[in-house]
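# Summary of structural features
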Amino acid sequence: MPVAIRKEGTKLRIGPLRNDALRLLKALGVRDELSILICDDQRIAELNAMWRQKPGPTDVLSFPMGQGLLGDVVISVETAQLQADEAGHSLDVELRVLLVHGLLHLCGHDHHTPDEDAAMAATEAQLLAVLGINAPGLV
């Protein structure tokens, strides 16, 4: 289960996030490859417009693949920092929350209905616990 991680437009250290991704994949029993891009708002806004036809930045995007490639998770550090500030926790915690959220989308989870939202939130809390993060109020 290799994890490729790169960054664009940010100086954030990415080693810890790669280790978190490996732990999460193991907890999920996923052996497929995962790619993570940590970027700025400008880059994620470009991707959001191109692939979702939505203007402006977002916090996390997921692009499922298949055939041994789980997919790509793209996280904006700038939006993550804003959300961390609003929530009163660290950027590291917010990045983990967004990684878990994006990863679950790649695994087929969604939150279009209240039942889907509740199920996804419960799974997010379980995975955050794997990373040592107490989830109440985070997801």
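Remember, it's a predicted structure, so these values are computed and weren't measured experimentally.

Parameters at a glance
Residues numbered from 1 in each chain as written. Predicted model: local features only at pLDDT ≥ 70, side-chain atom pairs only at ≥ 80, totals over all residues. Heavy atoms only, no water. Buried < 20%, exposed > 50% of the residue type's maximum accessible area, 1.4 Å probe, protein only. Helix = DSSP H or I, 4+ residues; strand = E, 2+ residues; numbered from the N terminus. Arc of directions from axis to C-beta. Contact = heavy atoms within 4.5 Å. Polar contact = N/O pair within 3.5 Å; in protein donor to acceptor, adjacent residues only side chain to side chain. Pairing = 2+ DSSP bridges. Right-handed = clockwise from strand over helix to strand, strands pointing away. Axes fitted to C-alpha atoms, helices over the stretch in contact; angles between N-to-C directions. Lys, Arg positive; Asp, Glu negative; His and termini not counted. Salt bridge = Lys/Arg side-chain N within 4 Å of Asp/Glu carboxyl O.

## Considering helix H3 (residues 77-87)
- Within H3, burial applies to Val77, Thr79, Ala80 and Ala84. Seen along its axis, H3 keeps its buried residues to an arc of 160 degrees; they face one direction. Along H3, the residues that are exposed and aim more than 90 degrees away from the buried face are Leu82, Asp85 and Glu86.
- Those residues of H3 that are buried lie in contact with strand E2 (33-39), helix H2 (41-52), strand E4 (69-76) and helix H4 (91-106).
- Measuring from the backbone nitrogen of Glu78 back to the side-chain oxygen at the start of H3 gives 3.5 Å, which picks out Ser76 as the cap.
- Just past H3, the residue Gly88 takes up positive phi, approximately 80 degrees.

## Here we look at the pairing of E2
- Taken across its 7 residues, E2 has 5 buried, putting it largely inside the fold.
- One ladder, built from 5 bridges, connects strand E1 (residues 3-7) with E2; its direction is parallel. Each residue of the ladder has a partner; that of Val3, found in E2, is Leu34.
- Taking the sense of rotation as the criterion, the β-α-β connection linking E1, helix H1 (residues 15-28) and E2 turns out left-handed.

## Concerning the sheet that holds E2
- Strand order in this open sheet of 4 strands is E1-E2-E4-E3, and the pairing throughout is mixed. Whereas interior strands pair on both sides, the edge strands pair on one side only; in this sheet they are E1 and strand E3 (60-66). Ignoring which end each strand starts from, the neighbouring axes of this sheet average 15 degrees apart.
- Where H1 meets the sheet, it contacts E1, E2 and E4, and its direction lies at approximately 150 degrees from that of E1.
- Seen against the sheet, H4 touches E2, E3 and E4 and runs at an angle of roughly 145 degrees to E4.

## What about the side chain of Glu94?
- Examined against the element boundaries, Glu94 turns out to sit in helix H4.
- No salt bridge is formed by the buried Glu94. Its closest oppositely charged neighbour is Arg96, at 11 Å.
- With residues near it in sequence (within four places) discarded, Glu94 still touches Ala80, Gln83, Ala84 and His89.

## Quick notes on unusual backbone geometry
- Even without glycine at this site, Gln53 takes up a positive phi of about 55 degrees.
- Structurally, Gln53 is set in the loop between H2 and E3.
- The exposed category is assigned to Gln53, whose relative accessible area is 59%.
- Even without glycine at this site, Gln67 takes up a positive phi of about 55 degrees.
- With respect to the helices and strands, Gln67 occurs in the loop between E3 and E4.
- For Gln67, a relative accessible area of 86% corresponds to the exposed category.

## Focus on the environment of Asp59
- Along the chain, the position of Asp59 falls in the loop between H2 and E3.
- C-alpha of Asp59 to C-alpha of Glu78: the two residues are 19 residues apart in sequence and 8.3 Å apart in space.
- With residues near it in sequence (within four places) discarded, Asp59 still touches Ile44, Val74, Ile75, Ser76, Thr79, Gln83 and Leu98.
- Within the structure, Asp59 has its side chain in polar contact with the side chain of Gln83 (distance 3.3 Å).

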